[in-house]
Every structure is written in structure tokens, then in C-alpha cells.
Amino acid sequence: LQSRLPQVGTTIFTVMSALAQRHDAVNLGQGFPDFGCDPRLIDAVDEAMRAGLNQYPPMTGVPQLREAIASKLQALYGRDYDAGSEITITAGATQAIFTTLLAIVHPGDEVIVLEPCYDSYAPNIEMAGGVVVRVPLTPGTFKPDFERLAAALTPRTRALIINSPHNPSGTVWSAEDMQRLADLLRPTEVMLISDEVYEHMVFDGARHLSAAQWPDLAERAFIVSSFGKTYHVTGWKVGFVAAPAALSLEFRKQHQYNVFTVNTPVQHGLAAFMADPEPYLALSDFYQQKRDLFRAGLARTPFKLLPCEGSYFQCVDYSGLSDLDDQAYCEWLTAELKVAAIPLSAFYAQGTAQRVIRFCFAKKDETLNLALERLGRL
Ligand code: PMP
Ligand code: GLN
């Protein structure tokens, strides 16, 4: 069979989790919590199942969940999304982003990603028939570089994908960044995919800024988020996309023949659980404590720490420690020190070597302490 994606292998997250298991290493690679979710959420899903809510929900998702999301978007970001025509429930953020691309990309259209970026974006653009245009974030700070972004826009540019808080760097876009993006896109027809899955993990008193808050952006934006991150249930794979009605209509044309709809009882459980905003409002403090614990420990190792303003990822530079490329270094770290991480090159075009690796700190304190003890041998 001639491969449609000849450059693509198995994702680094699968590879490193398998390696971690093989070496009995602490897995700080793939991003997922090693602790449970709120038992009230389990109860809510259980209740929905027992109430017999186990058949297909509407194609666009359970109405109560779409209403709960619309209320939250209004409360936090001040934009009214119509739950009926502008919010669609998806099988995680991954499907939300892929289906958006299928809905908007015509063969040969260019889609800009800001590199480093989440590993599914580029293959998804290609699967949708588009051309990937990689614009580097500012080296070192990972902040958006608007001069380079402006220079990358062409008449073929269909869309831009942004991601704040950022995986892998933990960078968070400022109000000035958002405003500059709005100014840049206003005279264009470029659409925006705003991947906001880490929206509730922003530290040091800062707030997540959503593309929904800038009318010039919101009118052209598909806002994507995922309950997996917010409620510690990455395996449930439920997320959503919020977009103006005309865009949501096109999204749904693809969605109905892509997955049609997603897991009914989980949607009902999430809808009931969302009535209380406390769990997501408390999430930044919860993860800030973990970030601080982890960073304090890493500061005692020879790694050079990069900043972490949000998300549950911490990057470190190991260039003073080893000449191995980052993939080889992660393999060595997993086998020898029994701590798994993700090489940053996984977030770049193939062959872009880095000397930076990413740790996930969405772990019990005891897991983080065990990893730090092992990294203390460096
Ligand atoms: N975007 C980013 C930036 C992510 O980090 C992730 C999860 N690793 C996703 C999208 C995918 O989220 P989901 O598991 O909900 O598909
Ligand atoms: N989003 C998670 C990460 O960045 C992993 C998702 C996956 O395993 N595909 O680590």
C-alpha cells in the first residue's frame, strides 16, 4: 500500500509511554494525570447510564452540555454562543481540530502553524488536503513573532492554528498578543483555529485570554477545548468546538459523517458536573502548586529551566549535559534514570533537532518527588 502519510510514524506519546512501561520508569512523558477525577463526576456519569441515557444523543451533542458550555463561555469570556447552532460536542480536541480542517481546507490551501506545535496539527492539515506552513515562535521565549507571521500570509492562506496556554512550552499569550493577532487578521479572510485545551491552567495570577473575547477573532474562529484536560479524564475523549453559526454549519456537515456524535452518558455527566464552576476555577491553583514543587526540585538539577506560565508542561534545556539529540536523550533518561519525557523535536518539522525536553507535571506529588529524586542523580 502506498502510504498517504509517508513521513508519519507512531506518535511520540505512544512510543515514550511504551518505553516508560518497558523500563518501569516514572512516566512524565505523555500528558495525562496519574490521579483520579472528582468522584461526583463519576457519579454523574453513572447516574446517566443507570437512567438509561445510553443511546445516540443528537448529532451536535447533548443539549444540556451545549447549554452549560455556552453559559461558561459567556461568564468567562463575555461572548454569546448559541447552544443550538454554534456549539458542537466532539471526540476530544483532536477530532474538533481535524474536523474543522476538513470543513474549511480546500486542496492546496495553506494553513499556518506556529512551531513548535502539537503533533496532530500538521498531519491533520495534510489529511485535509492542505499545505502546512510553519512559522517559528520566537526562539527561547516561544512568544508569537508577528513580523514572521505577517510575512507568511498569502492569498492561499486559509487558516491559522494558535494554542495558548501552549503545549509544549507553557507560554501564555498576552492581551497585546491577542490584539496584534486581531489587527493582523482583520483585513484578511483567514480563519482561526484556537486550541484552548489548557484554558484553566494559567499561573501567577494571569488569566487565560480566549479568542472569543476579541470580536474580530471570534467571528472567524473555531474555539476548541477538551474536558479531558479540565476534569482529569483524558481517556474520555470529549471536547467541543464553538464557532459562529455559518462556520458551525460547515463543521457539522463533516462531523455527522466523521463520528456523527459522541458518548451520551459522559456528556450528561459532564453537563451536570459543570453546574458547579469551582472545579475549573480552582484548577490553576491546583496545578500551580505542582509546577512550583516540580520547578523547585528541577532547580537543584543541572537542567536549565524554561519558563512555565500555563499548561501542565515544564521544558528543560539539557545542552550542558549531553550531546545526544533530544530523542536519544529521552530514551537514555528513561532507560538509565527511569524517568520518561518527550523530546521537543516531536513538535517541529521532522529533522529539527532540539536540546530541550518536556516533562508533564500532572502527577501526584509523590510521583513528582520520585522523579525528582531520580533526576537528582544527574
Ligand atoms: N491540543 C493540545 C495542545 C493538546 O495538548 C492535546 C492533548 N494532548 C490535544 C489538543 C488533544 O486533546 P484531546 O485528548 O481532547 O483530543
Ligand atoms: N496531549 C498529550 C500530550 O501532549 C498527549 C496526547 C496523546 O497521547 N496523543 O502529551
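Residues numbered from 1 in each chain as written. Chains lettered and ligands numbered in written order. Predicted model: local features only at pLDDT ≥ 70, side-chain atom pairs only at ≥ 80, totals over all residues.

**Q** Would you mind going over the site of ligand 2 with me for this structure?
**A** All residues in the neighbourhood of ligand 2 are listed as Thr11, Phe13, Gln30, Gly31 and Asn167. When grouped by side-chain class, the residues that make up the shell around ligand 2 number one nonpolar, four polar and no charged. (Near = placed C-beta within 6 Å. Nonpolar A, V, L, I, M, F, W, Y, C, P; charged D, E, K, R; others polar.)

**Q** Honestly, the environment of Ala25 in this entry has me stumped. Any pointers?
**A** Position of Ala25 relative to the elements: it lies in the loop between helix H1 (12–22) and strand E1 (26–27). Put simply, Ala25 and Ala75 are 50 residues apart on the chain and 42 Å apart in space, counted from C-alpha to C-alpha. If we ignore the near neighbours within four places in the chain, the residues touching Ala25 are Ala20, Thr334, Lys338, Val339 and Ala340. (Helix = DSSP H or I, 4+ residues; strand = E, 2+ residues; numbered from the N terminus. Contact = placed C-beta atoms within 7 Å.)

**Q** How do you make sense of the packing of helix H13 (residues 283–298) against helix H15 (residues 365–375) when you look at a structure like this?
**A** Angle between the axes and distance between the axes are the two parameters that describe a pair of packed helices. Running from N to C, H13 and H15 point in directions that differ by 15°, and their axes come no closer than 10 Å. Classified by the interaxial angle, the pair formed by H13 and H15 is roughly parallel. When you trace H13 past H15, the crossing you get is right-handed. Judged by residue contacts, Lys290, Leu293, Phe294 and Gly297 of H13 engage Asp365, Leu368 and Leu372 from H15. Here the contact of H13 with H15 is built from residues that sort into four nonpolar, one polar and two charged. (Axes fitted to C-alpha atoms, helices over the stretch in contact; angles between N-to-C directions. Parallel < 35°, antiparallel > 145°, perpendicular 65-115°, else oblique. Left-handed = near helix turned anticlockwise from the far one by under 90°.)

**Q** What is the right way to look at the sheet that holds strand E13 (residues 356–360) in this model?
**A** Paired through their backbone hydrogen bonds, the strands of a sheet run either parallel or antiparallel. Spatial ordering of the open sheet is given by E9-E10-E13-E12, a layout of four strands whose pairing is antiparallel. Every other strand in the sheet has two partners, leaving strand E9 (304–305) and strand E12 (342–343) as the edge strands with one partner each. Pairing between E12 and E13: two bridges, direction antiparallel. Counted as the bridge partner of Ile342 is Arg358 from E13. (Pairing = 2+ DSSP bridges.)

**Q** For this particular structure, what's the right way to read the site of ligand 1?
**A** Near ligand 1 you find 14 residues, and of these Gly92, Ala93, Thr94, Asn167 and Ser226 are the closest. Element by element, the count of residues in the shell around ligand 1 is highest for helix H4 (residues 92–104), at three residues. Among the residues making up the shell around ligand 1, the classes are represented as three nonpolar, nine polar and two charged.

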